[in-house]
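# Per-entry structural report
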Amino acid sequence: KLILKLLAPYFAITIFWTVFQNAWLSIIAYHIQILFWNYKDLRIDRLVIERYSLLLLLSSSFTGLLVYFILPHIAKVNIEDWFTTYQLSGIGLWFMIPYFGTLHPFLEQKHWRKLREETGFAHLAFSGYHALVLFSLLKTEWVLACLAVLFGVSLIWKFVTQRNSSDSACVLSHMLADSGMILAAFLAI
């Protein structure tokens, strides 16, 4: 059961991103698995923002700005072509922006929170599945850099969740980061 939960995004990405090249099918397949495994735990935790949480939120709020400025230099393909390849153009992209910036981070945090508590391997599994997507967009050295950053962020999220007895700051930081990234990519086209 633990292995299936850890592999949930890998199944979705391998089938729907790699084979069908469809971002919407990938994220929906991933979220269906999250709902299947976590339907009892999908509650909104009380909002707890400590000093270290503020630092997390502040750094997450700059993610989009950073991505906006570096993406043209680290991408190995044209960003608009990349969106089109994965069927994220027109109305599909417009709907993906709020979905990816709100519901996705909430569901993903609920899924990985429990996995981080069960096994330290969850940090690598979390960062690793992102690399599968990023290899289609970024130069290899930047995918590896993102892998390291996401591994570190996963460790920080575990620490903050344990300290706060709440994942609210982590969900908010994830929302800020994902919203910023997808908006930055959108504005780069």
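These lines cover the structure that appears in this document, whether it is placed above or below. (Residues numbered from 1 in each chain as written. Predicted model: local features only at pLDDT ≥ 70, side-chain atom pairs only at ≥ 80, totals over all residues. Heavy atoms only, no water.)

This paragraph deals with the overall build of the chain. Broken down by element type, the chain carries 10 helices and 0 strands. Ordered by position from the N terminus, the helices and strands of the chain form the series α-α-α-α-α-α-α-α-α-α. Here the C-alpha radius of gyration of the chain, 16 Å, is about what a compact globule of 189 residues would show, namely 16 Å. In terms of overall dimensions, the chain has a C-alpha envelope of 45 × 35 × 30 Å along the principal axes. Burial status across the chain gives 48% buried among its 189 residues. Counting contacts in the chain only where the partners sit at least 6 residues apart, residues at least 24 apart contribute 79% of the total. Of the charged side chains in the chain, 14 are positive and 11 negative; the average position of the first set lies 8 Å away from that of the second. (Helix = DSSP H or I, 4+ residues; strand = E, 2+ residues; numbered from the N terminus. Rg over C-alpha atoms; globule rule 2.2 N^0.38 Å. Buried < 20%, exposed > 50% of the residue type's maximum accessible area, 1.4 Å probe, protein only. Contact = heavy atoms within 4.5 Å. Lys, Arg positive; Asp, Glu negative; His and termini not counted. Charge placed at Lys NZ, Arg CZ, Asp CG, Glu CD.)

On to helix α8 (residues 121-134), then. With 14 residues, α8 extends 20 Å between its outermost C-alpha atoms, agreeing within 8% with the 20 Å of an ideal straight helix rising 1.5 Å per residue. Counting buried residues in α8 gives 11 out of 14 residues, a clear majority hidden from the surface. Of all the residues in α8, the buried ones are Ala-122, His-123, Ala-125, Phe-126, Ser-127, Gly-128, Tyr-129, His-130, Ala-131, Val-133 and Leu-134. Each element contacted by the buried residues of α8 is listed here: α1 (2-19), α2 (23-38), α5 (79-85), α7 (103-118) and α9 (140-164). (Expected span 1.5 Å × (residues − 1).)

In this fold, His-130 is placed in helix α8. When its relative accessible area of 16% is taken as the criterion, His-130 is described as buried. Among the polar contacts listed, one links the side chain of His-130 to the side chain of Tyr-129, at a separation of 3.5 Å. The residues contacting His-130, other than those within four sequence positions of it, are Glu-108 and Leu-150. (Polar contact = N/O pair within 3.5 Å; in protein donor to acceptor, adjacent residues only side chain to side chain.)

So, about a nonpolar patch on the surface. Taken together, Ile-3, Leu-4, Leu-7, Phe-11, Ile-15, Val-19, Phe-20 and Leu-25 make up a surface patch of nonpolar side chains, about 730 Å² in accessible area. Broken down by element, the nonpolar patch gets its largest block of residues, 6 residues, from α1. Of note, Leu-4 is situated in helix α1. (Patch = residues over 30% accessible without salt bridge, like charges linked within 9 Å, V, L, I, M, F, W, Y side chains within 5 Å. Areas by Shrake-Rupley, 256 points an atom, 1.4 Å probe, with all protein chains shown as cover. Salt bridge = Lys/Arg side-chain N within 4 Å of Asp/Glu carboxyl O.)

Attention now goes to the pattern of salt bridges. Taken as a whole and assessed by the stated rule, the structure comprises 4 salt bridges. Here Lys-114 makes a salt bridge to Asp-41, at a shortest N to O gap of 2.7 Å. Here Asp-41 lies in the loop between α2 and α3 (51-61) and Lys-114 lies in helix α7, a separation of 73 residues in the sequence. Classification of Lys-114 by relative accessible area gives partly exposed; the value is 25%. With its nearest N and O atoms 3.0 Å apart, the salt bridge here joins Lys-110 to Asp-167.

Between α1 and α2, the shortest axis-to-axis distance is 8 Å and the interhelical angle comes to 160°. Taken together, α1 and α2 sit at an angle that is classed as roughly antiparallel. Of the two possible hands of crossing, α1 and α2 adopt the one that is right-handed. Where α1 abuts α2, its residues Leu-4, Lys-5, Ala-8, Pro-9, Phe-11, Ala-12, Ile-13, Phe-16 and Trp-17 lie against Ala-23, Leu-25, Ser-26, Ala-29, Tyr-30, Gln-33 and Trp-37. Looking at the contact of α1 with α2 residue by residue, the classes come out as 13 nonpolar, 2 polar and 1 charged. (Axes fitted to C-alpha atoms, helices over the stretch in contact; angles between N-to-C directions. Parallel < 35°, antiparallel > 145°, perpendicular 65-115°, else oblique. Left-handed = near helix turned anticlockwise from the far one by under 90°. Nonpolar A, V, L, I, M, F, W, Y, C, P; charged D, E, K, R; others polar.)

Leu-71 and Trp-112 are the most contacted members of the largest nonpolar core, which has 47 residues in total. The contact partners of Trp-112, leaving out residues within four places of it in the chain, are Leu-6, Pro-9, Tyr-30, Ala-122, Ala-125, Phe-126 and Tyr-129. (Core = buried A, V, L, I, M, F, W, Y, C linked by side-chain atoms within 4.5 Å.)

Here we take up the packing of aromatic side chains. The final tally for this structure, using the stated rule, is 14 aromatic pairs. Ring pairs connect the aromatic residues Tyr-10, Tyr-30, Trp-112, Phe-126, Tyr-129 and Trp-157, which therefore count as one cluster. Its end group placed over the ring of Phe-126, Arg-116 keeps NZ or CZ at 5.3 Å from the ring centre. (Phe/Tyr/Trp six-rings, centres within 6.5 Å; stacked < 30°, edge-to-face > 60°. Lys NZ or Arg CZ within 6 Å of the ring centre and 35° of its normal.)

These results come straight from atomic positions and should not be treated as a statement about function.
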